[in-house]
Amino acid sequence: MSKIEFGKGDLAKYPFLTEAGQYLKELDYSLAEFDEQSKMHVIERAYERIITALDGNIYRELDDLDTEVVSFLIALIMVRALGVRSVSRKYSLGEARRTEMFLEQELKHESEERMRAILTGIFNDLFSIDVIQENGKFKVKVADYLKRASYFHDNHWKLVNRTVNNGFVYLNSDETVRLIRDELTLYIYDKINKMELRQLPEAIKTKVNELRNRVVKDAEFKRYFTTTKYPPCVEHVLQVLSKGENPPHSARFLLATYMLSIGKTVDEVCNFFEAAPDYNERVTRYQVEHLTGMRGSGTKYTCPSCEKVASDNNCYRTEECDGIVNPVRFGRGRVGSGRAKPESG
Amino acid sequence: MEEQSLNLVKQSFKEFYFKHSDYVETPLRIEEREFGYMQFDNGMVRHLSFKDKGELNVHLVKYIPSDVYCSCAYYINPTAPIQEKIFKGADLIFDIDADELSLTCMKEHEVWICNNCGNVMTLKQNCTKCESVKIEKVSLACDNCIDAAKKEVKKLVSLLHEDLGIQEKEIKIYFSGNHGFHLHVYSKELEQLEAPSRADIADYVAGNNLIPEAVGIRRNSKSVREVISRFPTIDDIGWRGRIARVLMKDNKERPRIVKRILKNGYSQFKEELNRIARESGAHIDPKVTMDIHRVFRLQGTINSKSGLAKVPCNNIDDFDPFTSACVLAEDQVNVHVRYSPKFRLRENSFGPFKEQTIRLPTYAAVYLICKGLATAV
């Protein structure tokens, strides 16, 4: 199949494409050049890209090709040099949303040929999805759709609420693009992790430090709010996770049901699992939602009793646990204290 | 099960696996599957693997399991603990059970057995003999149950074929050996799907979680003209067309239907939609479909809840499970039947029985013993 080439102008919009890397090689940049005053605007632009993403916004600038492609590359280097996983993830998401914005515009307004270039060059080449145009709509194979959309949360994405026929799911242009956002995020995240870091120019190092100060301040602020005291069994699971180890299933179940019981949101509960080596955002979210009854049979799972926690070898009881029968009672009322039980009969 | 009954059932199963090993199907890619079996008196054995049919048959005759299972999944290490098996893919499976269809015939052939003393009752209540609360429902499927389950199978096959594009040759239908049917889908494209995607397919074929927005009705919809532009026609594909065809016979009725929906409001339409979906969708057990690590009853083996076998249905309309799946011996044996409604096996009708000792062919005696309604004497 002959490949439809993207033009150079496209690389400003899609700087993660292989062609952009090729273009950079042609420009023959060396990192040392970034200490020169003339390149400061590119470093500033890279910083802006990152900060915009960390603030949850979309970086909308679309200037000259050089600035966009090179600032993207510098942003990847800076995020890699910072080495904070949550920043890498947020930045990747930000870049993916930017791409999504351009793709949505293009699939609505561009010519057939241009559209084919996008469907082939991005959807098929990068993410192995065959998107077929049919009477102004797009269609993808059921399996390709499910591999992605089953992890989206809105009921609108459930297969039953889509038009499905003869093995294909029909989508409009925005939905087609949304389908690959998560993969785009992962693709960029992967690019960050694969960046080889050599000696960085001072100008970039200074900007990375600036970024670090800002991120650390945010992290401390969060930590201040999350040092609530949990029962020792739950604390233990958190410790295991913080060491980057995989706790057993029963311990994960305990942590998730406990946190949901004390009023944490699905998002907050998912965040606790981020440090696990086998962490998979989609799977974790699905499982946590399952526990809340939002998915599957609709059963809402409650925190296991202390007896069950002990039988699963997850109990690390201290004196403070005396008298409680369920971890959610920790630090609250005790059995036998306070109000008397009503007499039966 | 007391010893004499246990011996009779075991002996009849052993004879079947010894004489009729050809019934037992070799699953595709057998060496990548995990096998498991239930023992009559000693719980479940899992994480087994067989390299071919011969090895499997020897195992069946040697250990005489009460039930035999095989994973729907393909693994790199089928015998390893679950975390280490390494999932390669799985067949898509569906379970349809007549017991779950709320059929009116059920009350004619369902009984309640006390788990404590074995007392058989026709009503759901605490045991009338020992007052135990541990009672269990037992049902002897009738022709009506089977016909109702067949209708669900046909709906399911049509949804899988027309909507999901699964070829009929990729679908194999089996009688489950008790009250229902199992569908196995062998599709390279769907094999890789994980549990959430399978749950989505289960919801699709059952019509669960359909929202009014899918047919253009929004919470704040007021204008009939605006809704009509989004409302489906009877010629539409997928669920939209299916719903339209239940709501109206002709597309000319659309304005009238939309007006009625808007007048009654969003919530009432949501209920109506759920009812339509329940009737048009296939009644399956979603837990079975979404579980990629499930071991599922192996084709051609006997179901210990009935003594009938899980057998293929090549022509669902003509298929008669009471003949095709009734595979045990015919020799006459004596049993004491506590209670049994009328039932049919092969060409013969049996019962009703109540507290009587009778002579029955082995297949009928084992059927009643497996149901917990009789004991060998």
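The structure we're discussing is the one just above.
Now for a look at the structure at hand.

Parameters at a glance
- Residues numbered from 1 in each chain as written.
- Chains lettered and ligands numbered in written order.
- Predicted model: local features only at pLDDT ≥ 70, side-chain atom pairs only at ≥ 80, totals over all residues.
- Heavy atoms only, no water.
- Helix = DSSP H or I, 4+ residues; strand = E, 2+ residues; numbered from the N terminus.
- Contact = heavy atoms within 4.5 Å.
- Areas by Shrake-Rupley, 256 points an atom, 1.4 Å probe, with all protein chains shown as cover.
- Axes fitted to C-alpha atoms, helices over the stretch in contact; angles between N-to-C directions.
- Left-handed = near helix turned anticlockwise from the far one by under 90°.
- Nonpolar A, V, L, I, M, F, W, Y, C, P; charged D, E, K, R; others polar.
- Phe/Tyr/Trp six-rings, centres within 6.5 Å; stacked < 30°, edge-to-face > 60°.
- Buried < 20%, exposed > 50% of the residue type's maximum accessible area, 1.4 Å probe, protein only.
- Lys NZ or Arg CZ within 6 Å of the ring centre and 35° of its normal.
- 1 Å grid on protein atoms, 1.4 Å probe; cavity = no way out; pocket = protein on both sides within 12 Å on 5 of 7 lines; lining within 4 Å.
- Points joined across faces, edges and corners; volume = space filled by probe spheres on them.
- Buried area = accessible area lost by both parts, 1.4 Å probe.
- Salt bridge = Lys/Arg side-chain N within 4 Å of Asp/Glu carboxyl O.
- Arc of directions from axis to C-beta.
- Polar contact = N/O pair within 3.5 Å; in protein donor to acceptor, adjacent residues only side chain to side chain.
- Pairing = 2+ DSSP bridges.

1. What to know about the overall build of chain A
Along its length, chain A carries 15 helices and four strands. Counted over contacts in chain A with a minimum sequence separation of 6, partners at least 24 positions apart contribute 64%. When the accessible area of chain A is evaluated, it comes to approximately 18,100 Å², of which 48% is carbon and sulfur surface.

2. Quick word on unusual backbone geometry
Across the junction of B:Gly351 and B:Pro352, the peptide omega takes the value 0°, indicating a cis bond. Here B:Pro352 is to be found in the loop between strand 18 (348-350) and strand 19 (353-361). Here the phi dihedral of A:Asn166 falls at roughly 50°; this positive angle occurs in a residue that is not glycine. Note on placement: A:Asn166 falls in the loop between strand 3 (163-165) and strand 4 (168-171).

3. Quick notes on the packing of helix 5 (residues 85-109) of chain A against helix 6 (residues 112-127) of chain A
All names here are of chain A. Where helix 5 meets helix 6, the closest approach of the two axes is 9 Å, and the angle between their N-to-C directions is 145°. Judged by the twist between their axes, the crossing of helix 5 over helix 6 is left-handed. Contact residues: Leu103, Glu106 and Leu107 in helix 5; Arg114, Met115, Ile118, Leu119, Ile122 and Phe123 in helix 6. Its residues placed into classes, the contact of helix 5 with helix 6 shows seven nonpolar, no polar and two charged.

4. Points about the packing of aromatic side chains
For the coordinates displayed, the defined rule picks out 19 aromatic pairs over all chains. Between the aromatic rings of A:Tyr230 and A:Tyr258, the centroid separation amounts to 6.0 Å while the plane-to-plane angle is 85°, which identifies the pairing as edge-to-face. Pair noted here: A:Tyr230 is in the loop between helix 10 (202-225) and helix 11 (232-242) and A:Tyr258 is in helix 12 (residues 249-261), with a separation of 28 residues, a long-range link. Across the pair, A:Tyr258 and A:Tyr230 agree in class, each one buried. The ring centre of B:Tyr75 lies 5.5 Å from the NZ or CZ of B:Lys85, which sits over that ring.

5. Some thoughts on the layout of surface pockets
Roughly 1,700 Å³ of volume is contained in the second largest pocket. Lining the second largest pocket are 31 residues, with A:His249, A:Val283, A:Gln287, B:Ile292 and B:His293 positioned closest to its centre. Secondary structure elements with two or more residues in the lining of the second largest pocket: helix 12 and helix 14 (281-292) of chain A together with helix 6 (195-206) of chain B. Looking at the lining of the second largest pocket element by element, the count peaks at seven residues for helix 14 of chain A. A per-class count over the lining of the second largest pocket returns 19 nonpolar, eight polar and four charged.

6. Examining the environment of B:Glu271
You can see B:Glu271 is positioned in helix 10 (residues 266-280). Each C-alpha atom, one on B:Glu271 and one on B:Ile211, is 9.8 Å from the other, the two residues being 60 residues apart in sequence.

7. What about the interface of chain B and chain A?
Between chain B and chain A, the residue contacts involve 27 residues of the former and 22 residues of the latter. Between chain B and chain A lies a buried interface of about 2,200 Å² when both sides are counted; carbon and sulfur atoms form 61% of it. Of all residues in chain B, the largest losses of buried area upon contact with chain A belong to B:Pro196, B:Asp200 and B:Ile237, amounting jointly to 25% of the total for that side. A salt bridge links A:Lys158 to B:Asp200, with the shortest nitrogen-to-oxygen separation between them at 3.4 Å. For the side of chain B that touches chain A, the secondary-structure elements that each account for two or more residues are helix 4 (143-163), helix 5 (188-191), helix 6 and helix 8 (238-247) of chain B. The biggest single contributor to the side of chain B that touches chain A is helix 6 of chain B, with seven residues.

8. Points about helix 2 (residues 53-63) of chain B
In an α-helix, one turn spans 3.6 residues, which is why side chains three or four residues apart end up on the same side. Residue and element names in this part refer to chain B. What helix 2 keeps buried is the set Leu56, Asn57, His59 and Leu60. Buried residues of helix 2, viewed axially, fall in a sector of 160°; they line one side. The exposed set on the far side of helix 2, more than 90 degrees from its buried face, consists of Val58 and Lys62. On its buried face, helix 2 is in contact with helix 1 (3-19), strand 1 (35-38), strand 2 (44-48) and strand 3 (67-71). Among the residues of helix 2, the N-terminal cap falls to Asp52, whose side-chain oxygen and the backbone nitrogen of Gly54 are separated by 3.2 Å. Of the residues flanking the end of helix 2, it is Ile64, one or two places downstream, whose phi is positive at about 40°.

9. Notes on the sheet that holds strand 11 (residues 180-185) of chain B
Residue and element names in this part refer to chain B. If you trace the four strands from one edge of the open sheet to the other, you get 6-11-10-15, paired in antiparallel fashion. Two strands bound the open sheet, and with one partner strand each, they are strand 6 (92-97) and strand 15 (311-312). Pairing of strand 6 with strand 11 involves six bridges; the strand directions are antiparallel. Counted as the bridge partner of Asp95 is His182 from strand 11. In the packing of helix 4 onto the sheet, contacts are made with strand 6, strand 10 (171-175) and strand 11, and the angle to strand 11 comes to roughly 20°.

10. Quick word on the pattern of salt bridges
Following the criterion strictly, the structure yields 51 salt bridges over all chains and no others. Here B:Arg29 ties to B:Glu32 by a salt bridge, and the two come within 2.5 Å at their closest N and O atoms. In this structure B:Glu32 comes out as buried when scored by relative accessible area, which is 10%. For B:Arg242, the salt bridge is made with B:Asp163, and the minimal N-O distance between the two is 3.0 Å. Placement of B:Arg242 in helix 8 and of B:Asp163 in helix 4 is noted, with a sequence separation of 79 residues between them. Pair check on accessibility: B:Arg242 and B:Asp163 agree, each one buried. Within the structure, one salt-bridge network assembled from shared partners comprises A:Arg45, A:Glu48, A:Arg49, A:Asp63, A:Glu68, A:Glu95 and A:Arg98.

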